[in-house]
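The primary structure of each chain is shown beneath.
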Amino acid sequence: MRLIPPGLIVAVLLILVVSQLCYAFLPYRRRSYVPILVVTAIGFGLGQGWDFLGLPSLRMGEANVLPAAAFALLLQPLARFVPLPNREPKEPAEGDSNSRI
């Protein structure tokens, strides 16, 4: 357990909480949770970069909170551009030799 820094655990928990809050309360149509989670994680990464540069921030332990949450909220409109995997099963082509029994 000493190999995992406490700031990483706090950051992952904050990413999950903020992404759930964005999914529940932001008024966007036809949303999936995965793009919101990805964009929130990118926002928290930018917030940690903000802290790495030494700019002023509000910290919770080792995790940077205020700029990370601000970046996560500002990036939420971009969640619709995150590509999702195709959920339809792939059907074999008609001339495919592997499709015969």
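Note that the structure is predicted; figures quoted are calculated from it, not measured. (Residues numbered from 1 in each chain as written. Predicted model: local features only at pLDDT ≥ 70, side-chain atom pairs only at ≥ 80, totals over all residues. Heavy atoms only, no water.)

**Things to note about the overall build of the protein chain**
Across its full length, the protein chain carries three helices and two strands. Element order for the protein chain, N to C, with α for helix and β for strand: α-α-β-β-α. Looking at the protein chain as a whole, 23% of its 101 residues qualify as buried. In the protein chain, 52% of the contacts between residues at least 6 apart in sequence involve partners at least 24 apart. A total of about 8,000 Å² of accessible surface is found on the protein chain, and carbon and sulfur atoms cover 67% of it. (Helix = DSSP H or I, 4+ residues; strand = E, 2+ residues; numbered from the N terminus. Buried < 20%, exposed > 50% of the residue type's maximum accessible area, 1.4 Å probe, protein only. Contact = heavy atoms within 4.5 Å. Areas by Shrake-Rupley, 256 points an atom, 1.4 Å probe, with all protein chains shown as cover.)

**Here we look at the side chain of glutamine 76**
Along the polypeptide, glutamine 76 turns up in the segment after α3 (66-75). Polar side-chain contacts of glutamine 76 include one of 3.1 Å to the backbone oxygen of alanine 72. Apart from the residues within four sequence positions on either side, glutamine 76 is in contact with Cys22, Leu26, Tyr28, Ile36, Val39 and Thr40. (Polar contact = N/O pair within 3.5 Å; in protein donor to acceptor, adjacent residues only side chain to side chain.)

**Points about the packing of helix α2 (residues 33-52) against α3**
A pair of packed helices is captured by two measures, namely the crossing angle of their axes and the spacing between those axes. Viewed as axis vectors pointing N to C, α2 and α3 meet at an angle of 140°, and their least axial separation amounts to 7 Å. In terms of orientation, α2 and α3 fall into the oblique class. Handedness of the crossing formed by α2 with α3: right-handed. For the pair formed by α2 and α3, the contact residues are Val39, Thr40, Ile42, Gly43, Phe44, Leu46, Gly47 and Trp50 on the first element and Pro67, Ala68, Ala69, Phe71, Ala72 and Leu75 on the second. Per-class residue counts for the contact of α2 with α3 are 11 nonpolar, three polar and no charged. (Axes fitted to C-alpha atoms, helices over the stretch in contact; angles between N-to-C directions. Parallel < 35°, antiparallel > 145°, perpendicular 65-115°, else oblique. Left-handed = near helix turned anticlockwise from the far one by under 90°. Nonpolar A, V, L, I, M, F, W, Y, C, P; charged D, E, K, R; others polar.)

**Some points on a nonpolar patch on the surface**
Residues Leu3, Ile4, Leu8, Ile9, Val12, Leu13 and Leu16 make up a contiguous nonpolar surface patch of roughly 660 Å² in combined accessible area. Its location among the elements puts isoleucine 4 in the segment before α1 (6-25). (Patch = residues over 30% accessible without salt bridge, like charges linked within 9 Å, V, L, I, M, F, W, Y side chains within 5 Å. Salt bridge = Lys/Arg side-chain N within 4 Å of Asp/Glu carboxyl O.)

**A closer look at the nonpolar core**
Grouped together as the largest cluster of nonpolar side chains are 12 residues: Leu14, Ile15, Val18, Cys22, Ile36, Val39, Phe44, Val65, Ala68, Ala72, Leu75 and Ala79. Elements that contribute at least two residues to this core include exactly α1, α2 and α3. Broken down by element, this core gets its largest block of residues, four residues, from α1. (Core = buried A, V, L, I, M, F, W, Y, C linked by side-chain atoms within 4.5 Å.)

**Observations concerning the environment of leucine 74**
Mapped onto the fold, leucine 74 is located in helix α3. With 31 residues separating them in the primary sequence, leucine 74 and glycine 43 have C-alpha atoms 8.1 Å apart.

**A short note on the environment of valine 39**
With respect to the helices and strands, valine 39 occurs in helix α2. Here valine 39 falls in the buried class, since its relative accessible area comes to 5%. Expressed as a C-alpha distance, the spacing of valine 39 and isoleucine 15, which sit 24 residues apart in the sequence, is 9.7 Å.

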